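Architecture and fold: a report
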Amino acid sequence: MNILASYKWLKEYLKTDLTPEEFARELSLKSMSVESIDKGAEKFAGMVVGVIKEVKPHPKADRLRITVVDVGSRMVEIVCGGSNLEVDQKVFVALPGARARWHGEGDLVELAETEIRGVKSVGMICAPAEVGFEKLQGGEKEIWDLTKVTQAPAGTPIAEALDLEDTIFDIEITTNRPDCMGIIGLAREAGAAVEAPFVWSAPQLPTAAAGISVTIEASKLCPRYIAATVKNVKVGPSPWWLQKKLLQAGHRPINNIVDITNFVLHEYGQPLHAFDASKVNGGIAVRLAKKGEALKALDGKDYQLTSKHLVICDTERPLAVAGVMGGLESGTTQTTTSVIFEAATFEAVSIRKTARDLNLYSDSQLVFEKGLSTEALPAALARALQLAAEIAGGEVVGITDARVGEHEAESYPVLFKKIRARIGVDISDENMETILTRLGFILAKQGSRVVATVPYWREHDIEAEVDLTEEIARMYGYHKMPLTLPTAPPPILADDQTLVWEAWVKRFLASVGYTEFFGYSFIDSKSLEKYGISPMDAVRVLNPLAEDLSHLRPSLMPSLLRDIERNQANYPHAKVFELSRVHLPKSGDIASDAFRLVIAHYGVDNAEHAYQELRGALELMARKAGLHFHFGGQVTDTRWHSARSTQIAFGEGDARKVVGTLGQVGDVYQQAFGILRPIFVAEIDLEMLMPHMRTALSYVPVSEFPVVTRDISFVVTERTEFTALEQMMKAQNILVQKVALVDIYRGKGVEEGKKSITLSVTFGSTERTLTSEEVEEIMTTIGHGLTGQFGAALRS
């Protein structure tokens, strides 16, 4: 998260003379990173307070008027279309050379003297949106009336008149430091970083009678809730000083009551909420919503609540979604005369889940879900009550503080020697104590050791003794630490074999001509259904980023086919693969995940060639990884072509397991995805194979005796598989070392439904040279096997 922080506002609590650049450097080096520096006065160069002396009609345009404006050093005529122009009115004037945004739209434009419908115009009378204040109410339409905003005379530079001579820092706040989401917490942190005094004393809640009754029913989700009732308030616009601070912080001023809550949020980092007291019936209860309850929130939308959502209620209905957003019906309006200010802390995870479940977000929710302390509430509420009295005339009539248990601060020993050893720098004990004290830790002697008590604003961040080391190291300055390489060799850790083989398979497939697909882990329900997978059999994402990312992938095939369809127009033929995890649902448990590999040829013209090439790539990969695949067995899954698919198995004997499928995707599923030409795919359960994969090579000596090769040609039925032929031939004699496919022929001279195959059979022995008679005898046996088992017709 980022915060916009005014340097002037920070220096109300931090006594420093550093330039903005020096301050940003030190804070970035030791704490939060300053992303940018915006010097306000520079944006308003050439802009002054003007006083309208005369308003005349434009002779050629009914909607335009000619104003005579005093800009200090002279009188100028400015043509303006504003409908709220009046004599003696103070206005925001941008003179020639200044940069403004016409009607609050588009880029900044440098102004020049010009003629508008034949009348010379020197500059521009600006609306708030035209000079960067589009968040002011009415800022988009009318000119900015400064009469009640400033007492500065005509010609005063705008930056001076409106107190805009300031520097705004855009600071990134890490998620573990919600205390720095407010000006005071940021000033405290900066004080330690730049070694400057932090001057702030917490305001105290006024003494008041017990207020509205507060009951905390969900005690684990709301440890503390304070309600302060304020009467006789007058709702209206906030004074300029407060509006200016909100605008600089990125907030939109609304009315003084709402502005107070936003002001305290930005100054103290503590969200507050204001209810119209007249719309709260009976007392306040903090509980889980009941079945059927609903709330119209301040954004004007209706939200259906469930028993998972924490709500703030009166005796009749929900008033707010706790920690997220208030209800529209109980919000303050121009007629409000009494308000109830809420200051509370809520369990962070509950707020985060509720916001995402309802898809409802707010500035308060973003802070609450980081985790806040119960001890921050009194000071923040006291500040709100001060402001309510100052700018709304309010009078506190009752305060109720309901809490669950007492606050117990954590303490950890400061182990000076161990801290020095961890950091590797000789920092003195006194220096460490100074750093911790500046950060708000309370140090105390307990016998021979020093113990640091964690300040309440860091209770969700400092969770162990070792965290003190980080605090001291960063405030000492990582940039000051010596750049010395360690003398000891780095520890050697065993690589994660899953990652090793994942990388190896990807490198191998890329090396043999395949292009990798990179897909999301998510898939849409329509793609699952197209591939014959019910969305009920996939893990559904409760808060998907988009409609087409609604489920975790149970298979890589749907996304593979979808991606092929998207690529086929530009790349009609390609060899692709994807290796990723799939997520398989488990009843009553979290989903399991496993590696799957899909390798595909799409845009296929020659089915046989595609099959052979794909199988060859698999066999080469298996051989290099110390595996041996068996291809064979009928595939009954209708998503595969019934005659052009086979099972892939691994292992021997009873240990053999099917690990995948190789073949053509079924026509119905190919067409469902709009793919024009056949696709051959190998889908493999790589998770099952990884424990058996090896890259260690074994030496097999070359036989000193020659091998003998013979070719054999025969005609068999179209459905006869090479694997079955190979297994039969090798089973005839141990001297058969290798069977290789030479050619397949269909056409003239071969009966339809059959094919002519030529195989090359290699014979050899490690003990002797084979004789021609031995080889011919085995070939005869093989011929008998072909005719007997496969009904083959041998060809001469």
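All of these numbers come straight from a predicted model, not from anything done at the bench. (Residues numbered from 1 in each chain as written. Predicted model: local features only at pLDDT ≥ 70, side-chain atom pairs only at ≥ 80, totals over all residues. Heavy atoms only, no water.)

Looking at the overall build of the chain
- For the chain, the count of helices and strands is 21 helices and 39 strands.
- A globule of 796 residues ought to have a C-alpha radius of gyration of about 28 Å, yet the chain, at 39 Å, is considerably larger.
- Counting only C-alpha atoms and orienting by the principal axes, one finds that the chain spans roughly 120 × 90 × 60 Å.
- Scored against the burial criterion, the 796 residues of the chain give a buried share of 49%. (Helix = DSSP H or I, 4+ residues; strand = E, 2+ residues; numbered from the N terminus. Rg over C-alpha atoms; globule rule 2.2 N^0.38 Å. Buried < 20%, exposed > 50% of the residue type's maximum accessible area, 1.4 Å probe, protein only.)

As for the sheet that holds strand β5 (residues 75–80)
- Reading across the sheet, the five strands line up as β5-β4-β3-β6-β11 and stay open at both edges, with antiparallel pairing between neighbours. The sheet is open, and its two borders are formed by β5 and β11 (124–125), each paired with just one other strand.
- Where strand β4 (residues 61–70) meets β5, six bridges bridge the pair, whose relative direction is antiparallel. The residue of β5 that forms the bridge with D70 is M75. (Pairing = 2+ DSSP bridges.)

Re the side chain of T261
- Inspection of the secondary structure puts T261 in helix α7 (residues 256–268).
- Leaving out residues up to four positions away in the same chain, T261 has contacts with L272, H273, A274 and F341. (Contact = heavy atoms within 4.5 Å.)

Quick look at the pairing of strand β38 (residues 754–763)
- Summarising burial for β38: nine of the 10 residues are buried, a large majority.
- By the bridge criterion, 10 bridges tie strand β36 (residues 708–717) to β38 in an arrangement that is antiparallel. Considered in β38, the bridge of D711 is made with S760.

Brief notes about the domain arrangement of the chain
- On domain assignment, one finds that the chain holds domain 1 (2–41 + 167–194), domain 2 (45–161), domain 3 (214–403), domain 4 (411–479), domain 5 (497–692) and domain 6 (708–795).
- When each unit is reduced to the centre of its C-alpha atoms, the spacing between domain 1 and domain 5 is 52 Å. (Domains from an automatic or database assignment.)

Looking at the packing of helix α12 (residues 429–438) against helix α13 (residues 466–476)
- At a minimum axis separation of 10 Å, α12 and α13 run at an interaxial angle of 95 degrees. One way to sum up the angle between α12 and α13 is to call them roughly perpendicular. Packed against α12, whose contacting residues are N431, M432, I435 and L436, the element α13 presents L468, E471, I472, M475 and Y476 at the interface.
- Looking at the contact of α12 with α13 residue by residue, the classes come out as seven nonpolar, one polar and one charged. (Axes fitted to C-alpha atoms, helices over the stretch in contact; angles between N-to-C directions. Parallel < 35°, antiparallel > 145°, perpendicular 65-115°, else oblique. Nonpolar A, V, L, I, M, F, W, Y, C, P; charged D, E, K, R; others polar.)

As for the packing of aromatic side chains
- Inspection of every chain in the model, using the stated rule, returns 19 aromatic pairs.
- Relative to F169, the ring of Y7 lies with its centre 5.2 Å away and its plane at 75 degrees, an arrangement referred to as edge-to-face. Pair noted here: Y7 is in helix α1 (residues 7–10) and F169 is in strand β12 (residues 167–172), with a separation of 162 residues, a long-range link. When sorted by exposure, Y7 lands in the same class as F169, which is buried.
- Taking 5.9 Å as the distance between ring centres and 65 degrees as the angle between the ring planes, the aromatic pair formed by Y531 and Y669 counts as edge-to-face. Linking Y531 in the loop between α15 (525–530) and β29 (551–552) with Y669 in helix α18 (residues 667–672), this pair joins segments that are 138 residues apart in sequence.
- The class of Y669 is buried, set by a relative accessible area of 17%.
- Each residue in the set F44, F92, F133, W144 and W240 is aromatic and connected to the rest through ring pairs, giving one cluster.
- One residue, R188, lies across the ring of W457, its end atom 3.7 Å from the ring centre. (Phe/Tyr/Trp six-rings, centres within 6.5 Å; stacked < 30°, edge-to-face > 60°. Lys NZ or Arg CZ within 6 Å of the ring centre and 35° of its normal.)

So, the sheet that holds strand β39 (residues 793–795)
- Taken in spatial order, the four strands of this open sheet run β37-β38-β36-β39, and their pairing is antiparallel. Two strands in the sheet have a free side with no partner beyond their single neighbour: β37 (736–745) and β39. Here the strands of the sheet are splayed against their neighbours by 30 degrees on average, with no regard to which way each runs.
- Seen against the sheet, helix α21 (residues 772–790) touches β36, β37, β38 and β39 and runs at an angle of roughly 15 degrees to β36.

Brief notes about the packing of helix α20 (residues 722–732) against α21
- Between α20 and α21, the least distance of the axes is 10 Å, while the angle of their chain directions is 135 degrees. Taken together, the axis directions place α20 and α21 in an arrangement best described as oblique. In terms of crossing hand, the pair formed by α20 and α21 is right-handed. In contact with A724, L725, M728, M729 and Q732 of α20, α21 contributes T781, I782, G785, L786, Q789 and F790.
- For the contact of α20 with α21, the class distribution of residues is seven nonpolar, four polar and no charged. (Left-handed = near helix turned anticlockwise from the far one by under 90°.)

Quick notes on the pairing of β12
- Pairing of strand β1 (residues 2–6) with β12, which is carried by five bridges, proceeds in the antiparallel orientation. In the sheet register, L4 faces β12, and the bridge partner there is D170.
- As paired strands, strand β2 (residues 33–39) and β12 are joined by six bridges and run antiparallel to one another. The partner of S36 across the bridge, within β12, is D170.

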